[in-house]
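Results of the structural survey
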Protein chains: 2
Amino acid sequence: MKRFEFGRVYNFGPGPATLPLDVLKSAQTELLNYEGTGMSMMEISHRSPTYDRLHNRIKADILTLMGLGDDYDVLFIQGGASLQFAMIPMNFATVERKGAYVLSGVFSSNAYKEAATLGVGSIAASSKEENFRRVPTQDELSIDPSAAYLHICYNNTIYGTEFHYIPEVSVPLIADMSSDMLSRPLAFNKFDLIYAGVQKNLGPAGVVVVVVRRSMVENIRADLPTMLRYDTFIKKNSMYNTPPVWSIYMVGKVVRWIMEQGGLASMAERNARKAKLLYDVIDGSDGFYRGHAEPNSRSFMNVTFRLPTEELEKQFTVEAADEGLVGVKGHRLVGGMRASIYNAMPLEGAEALADFMSRFRRAH
Amino acid sequence: MKRFEFGRVYNFGPGPATLPLDVLKSAQTELLNYEGTGMSMMEISHRSPTYDRLHNRIKADILTLMGLGDDYDVLFIQGGASLQFAMIPMNFATVERKGAYVLSGVFSSNAYKEAATLGVGSIAASSKEENFRRVPTQDELSIDPSAAYLHICYNNTIYGTEFHYIPEVSVPLIADMSSDMLSRPLAFNKFDLIYAGVQKNLGPAGVVVVVVRRSMVENIRADLPTMLRYDTFIKKNSMYNTPPVWSIYMVGKVVRWIMEQGGLASMAERNARKAKLLYDVIDGSDGFYRGHAEPNSRSFMNVTFRLPTEELEKQFTVEAADEGLVGVKGHRLVGGMRASIYNAMPLEGAEALADFMSRFRRAH
């Protein structure tokens, strides 16, 4: 198997996903002794001034990158996006004022299921009948004006589709951005709550970044467990109990790295270039590669495509791995290939994959 | 400030707490490239054979150390012990069959509060009136025979007390062992569910290890959210969604380190020696140092004591830090000092602190 710097590969896996090499090297350097404290970041008290400064700096950095002000707060919550699927209806929806859901893939459907289990979910739109090849349009959204919120999943990792518009709604707007958080500038102030399991675009698995409009969490019902209430995390600055310090610390490094790269506009430009490289090969392949997503719903983060036969798909995976391009196998629900090209995937990785795809097609 | 190897200090903080140096060095070595995969452990898919093997090996190692068999399973759950405080009553207790709680400190009281919020908690015993200086005895336990379970906190970090008996009860026994998990051999098969936030004795914050008797989780009510059901974690091998891979990986290293040290019997011997060093100084100080815990409830993990004046306590903290002995300040509820001497604190650290304590006393 071909290897790159430090014996590393280009990892196109959907998450946990590749991290910026500079971020990893920095974590490695200070692993035994963080900034002269004499301790690893894994050993430092979350009640210490050292950690407190870092924690607050990361929150401020995230708001800065998103162009949001003091009317928003950043929370760090464990349990993955899947626990958010439960917390959102528990905190905000009731039988009278249900949460409305756009079903655009597996995770948005799972989010709806958690609300439905509690008897507080409704469906605003769905593209399931079309095997989630596209994101429902604004015109297709059917939302009860008394709904507690509209929930969407902005990027659908498995199907390789992404929202390219922000729904205009009269109810609070909640978005799962687990697979495209901080990948491009957006009018984030149109959202009331944005959350992301960090293991795709922001850091190692173990924490969810929640960016919430403060007014959203003012009147939470009294009978919820402490750790399942958003207001606990607001009031206690996400330190009611020990936060997942290492994951947050790594998110902090990734966020600083994004800033050094030029922020979200720069990320967007870079991500669009990487995606274009792969989509161009697909579109110019005379049908050898068939994209799963409809072109106007294509994701900048996950490029899904099939080959003429399953035999060739297997061979593609094996030969790609030989060239140090790993993790391109698709999800079983779509089949074929999926190349995840999150923020941290270098342009060189996408170039190497595009080049391999062209050569593989010519050879078959 | 005095420094030791790699510029490190002896960290007596209560958690996040010190980790074995060999464990940190090993993590540092493979941070850019785990076992030839070309990826960091933070980047590896939880669906990969590499991670799967590691995940299952760690589970097996934990059961081996505890001397438990196939009738138990090991789960990895996020959210800290505080989320367990909610999950336990949600999964097991009802209004008719309440959970019974021994209140022996802050965390056991918080656990009870979560059950009480749901209307399913009762109190079996409490030492609150005595400022939690001791653990209630077997004779003091008052448990409804129809209770869903008895919940105890085995080691009370803040007060420096520890159970030195396993309650004999006719109902399922649940123990929070966040601060003494794997610190000594116990008849673990007398427990039905044991859990520990790992950031004290087992690894970096971000995961709770739950060791549960399988028969305990067979009939969970249907209306609970997916991520709050123990049976989700059993059925999906703690991988319904992305687990906190890095924290689990570090727990795996700590567990192997415990095995290399000779297992729980060896840990117990070592921990008892460290504790004795400090308690001997306290007991031989003619009242200069006053232990908070009653001697027969003293913890092997957290040694709590006061000095004659708050002025001296402040000075103690400052001078100890000068000698590279940090994190000895007590919790505000007890005041004074607390030296946390978990598994990973080397004997040399406890010796250095005992020596400092003797010298400090002679100087004042």
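Because the structure is predicted, anything quoted here is derived from the model rather than measured. (Residues numbered from 1 in each chain as written. Chains lettered and ligands numbered in written order. Predicted model: local features only at pLDDT ≥ 70, side-chain atom pairs only at ≥ 80, totals over all residues. Heavy atoms only, no water.)

1. A look at the overall build of chain A
Where we set the bar: Counting from the N terminus, the helices are the DSSP runs of H or I reaching at least four residues and the strands are the DSSP runs of E reaching at least two. As defined in this context, the radius of gyration uses C-alpha atoms, and a globule is described by 2.2 Å times the residue total to the power 0.38. Residue burial is assigned from relative accessible area. The probe radius is 1.4 Å, only protein chains are included, and a residue is buried under 20% of its type maximum, exposed over 50%, and partly exposed in between. Whether two residues touch is decided by their heavy atoms; if any such pair falls within 4.5 Å, the residues are in contact. Surface accessibility in these figures is a Shrake-Rupley result with a 1.4 Å probe; residues are shielded only by whichever protein chains are displayed. None of His or the chain ends enter the tally, which takes Lys and Arg as positive and Asp and Glu as negative. A charged residue contributes its charge at one atom only: NZ of Lys, CZ of Arg, CG of Asp or CD of Glu.
When its secondary structure is counted, chain A shows 9 helices and 14 strands. Here chain A has a C-alpha radius of gyration of 21 Å; the compact-globule value for 364 residues is 21 Å, and the two agree. Dimensions along the principal axes, computed over C-alpha positions, put chain A at roughly 65 × 55 × 30 Å. Here chain A holds 364 residues, and 63% of them are scored as buried. When contacts within chain A are restricted to residue pairs at least 6 apart in sequence, those whose partners lie at least 24 apart make up 66%. In the form shown here, chain A has an accessible surface area of approximately 13,100 Å², with 49% of it arising from carbon and sulfur atoms. Looking at chain A, you have 39 positive and 40 negative side-chain charges, and the mean spots of the two groups are 3 Å apart.

2. Considerations on the packing of aromatic side chains
Here the distance between the centres and the angle between the planes together describe a pair of aromatic rings. To keep it simple, the criterion reads: Under the pairing criterion, centres of Phe, Tyr and Trp rings, with the six-membered ring standing for Trp, must be within 6.5 Å; the plane angle then separates stacked pairs below 30 degrees from edge-to-face pairs above 60, leaving the rest tilted.
What the rule picks out here adds up to 39 aromatic pairs over all chains. Centroid distance B:F356 to B:F360: 5.7 Å. Interplanar angle 45°. Geometry classified as tilted. In this pair, B:F356 and B:F360 are both assigned in helix α9 (residues 347-363), 4 residues apart and thus about one turn of the helix distant. In this structure an aromatic cluster arises from ring pairing among A:Y34, A:W246, A:Y249, B:Y34, B:W246 and B:Y249.

3. Structural notes on the domain arrangement of chain A
Residues and elements named next belong to chain A. Here is the rule: Marked domain ranges trace back to an automatic or database domain assignment. By buried area we mean the combined loss of accessible area, with a 1.4 Å probe, across both parts when two parts are placed together. Salt bridge, as used here, is a side-chain nitrogen of Lys or Arg placed within 4 Å of a carboxyl oxygen of Asp or Glu.
Assigned domains within chain A: domain 1 (26-260) and domain 2 (263-363). For domain 1 and domain 2, the distance between their C-alpha centroids amounts to 27 Å. Taken residue by residue, the interface counts 29 residues in domain 1 and 26 residues in domain 2. Among the residues domain 1 hides against domain 2, the three largest losses belong to R133, I158 and W257. Together they make up 24% of the total. Counting the contacts that link domain 1 with domain 2 gives 0 salt bridges.

4. A short note on the sheet that holds strand β9 (residues 193-197) of chain B
Residues and elements named next belong to chain B. Spelled out, the test is: For two strands to be treated as a pair, DSSP must find no fewer than two bridges joining them. Geometry is summarised by axes, namely lines fitted to C-alpha atoms with helices restricted to the contacting stretch, and by angles between N-to-C directions that run from 0 to 180 degrees.
On the basis of which strands lie adjacent, the open sheet formed by 7 strands has the order β2-β10-β9-β8-β5-β3-β4 and mixed pairing. At either end of the open sheet lies a strand with only one pairing partner, and these are β2 (72-77) and β4 (121-126). Taking each pair of neighbouring strands and ignoring which way they run, the sheet shows an average axis angle of 20°. Of the pairings in the sheet, the one linking β9 to strand β10 (residues 208-213) comprises 5 bridges and is antiparallel in character. The residue bridging Y195 from the neighbouring strand is V210, located in β10. Its contacts with the sheet place helix α3 (residues 80-92) against β2, β3 (99-103), β5 (149-153), β8 (173-176), β9 and β10, and it is angled at close to 155° to β9.

5. Things to note about the relation of the copies chain B and chain A
In plain terms, the rule: Copies are brought into register by a least-squares superposition over C-alpha atoms of residues with pLDDT of at least 70 in both.
Aligned on chain A, chain B shows an RMSD of 0.0 Å; the corresponding rotation is 180° and the shift along the axis is 0.0 Å. With respect to symmetry, the two chain copies, as superposed, fit the operation of a two-fold axis. A share of 100% of interface residues in chain B that are also interface residues in chain A marks the association as one of identical surfaces.

6. Some thoughts on the pattern of salt bridges
Residue and element names in this part refer to chain A. On inspection of all chains with the given rule, the structure shows 43 salt bridges over all chains. Between D231 and K235 there is a salt bridge whose closest N-O contact spans 4.0 Å. Remark: K235 and D231 occur in helix α5 (residues 230-235); sequence separation between them is 4 residues, near one turn of the helix. Looking at K235, the relative accessible area reads 66%, which means it is exposed.

7. Some points on the environment of A:V74
Residues and elements named next belong to chain A. With respect to the helices and strands, the residue V74 is situated in strand β2 (residues 72-77). Exposure remark for V74: the relative accessible area of 1% places this residue in the buried category. Taking the C-alpha atoms as reference points, V74 and L193, separated by 119 residues in sequence, lie 9.9 Å from one another. Not counting the four nearest positions on each side in its chain, V74 is found in contact with K59, I62, L63, V209, V210, V211 and S238.

8. Structural notes on the interface of chain B and chain A
Counted only if it meets this: Between N or O atoms, a polar contact is any pair within 3.5 Å; within protein, one atom must be a potential hydrogen donor and the other a potential acceptor, and residues adjacent in sequence are included only when both atoms are from side chains. Nonpolar residues are Ala, Val, Leu, Ile, Met, Phe, Trp, Tyr, Cys and Pro. Charged residues are Asp, Glu, Lys and Arg, and all others, Gly as well, are polar.
With 62 residues of chain B at the contact, the number on the chain A side is 62 residues. Contact between chain B and chain A buries roughly 4,600 Å² in total, counting both sides, with carbon and sulfur atoms accounting for 59%. Where chain B packs against chain A, one counts 2 salt bridges. Residues B:E43 and A:R8 are paired through a salt bridge, measuring 2.9 Å at the closest nitrogen-oxygen approach. Where chain B meets chain A, there are 27 residue pairs in polar contact (both at pLDDT 80 or more). Counting only elements with at least two residues in the side of chain B that touches chain A, the list comes to α1 (21-29), α3, α4 (106-117) and α6 (245-260) of chain B. Top contributing element to the side of chain B that touches chain A by residue count: α1(B), with 6 residues. Partitioning the side of chain B that touches chain A into residue classes produces 32 nonpolar, 24 polar and 6 charged.

9. Concerning the packing of α3(B) against α4(B)
Residues and elements named next belong to chain B. The following threshold applies: Should an angle fall under 35 degrees it is taken as roughly parallel, and over 145 as roughly antiparallel, whereas 65 to 115 is taken as roughly perpendicular and any remaining angle as oblique. Handedness of a helix crossing follows the sense of rotation of the near helix relative to the far helix, less than a right angle counterclockwise being left-handed and clockwise being right-handed.
At a minimum axis distance of 8 Å, the contact between α3 and α4 shows a crossing angle of 40°. As far as their axial angle goes, α4 and α3 are oblique. For the element pair α3 and α4, the recorded crossing hand is right-handed. Facing F85, A86 and P89 of α3, the residues of α4 in contact are F107, N110, A111, E114 and A115.

10. Comments concerning the environment of A:G335
Residue and element names in this part refer to chain A. Looking at where G335 falls in the secondary structure, it is placed in the loop between β13 (325-326) and β14 (337-340). For the pair G335 and R306, spaced 29 residues apart in sequence, the C-alpha to C-alpha distance is 7.1 Å. When sequence neighbours within four positions are dropped, the list of residues in contact with G335 reads F305, R306 and G330.

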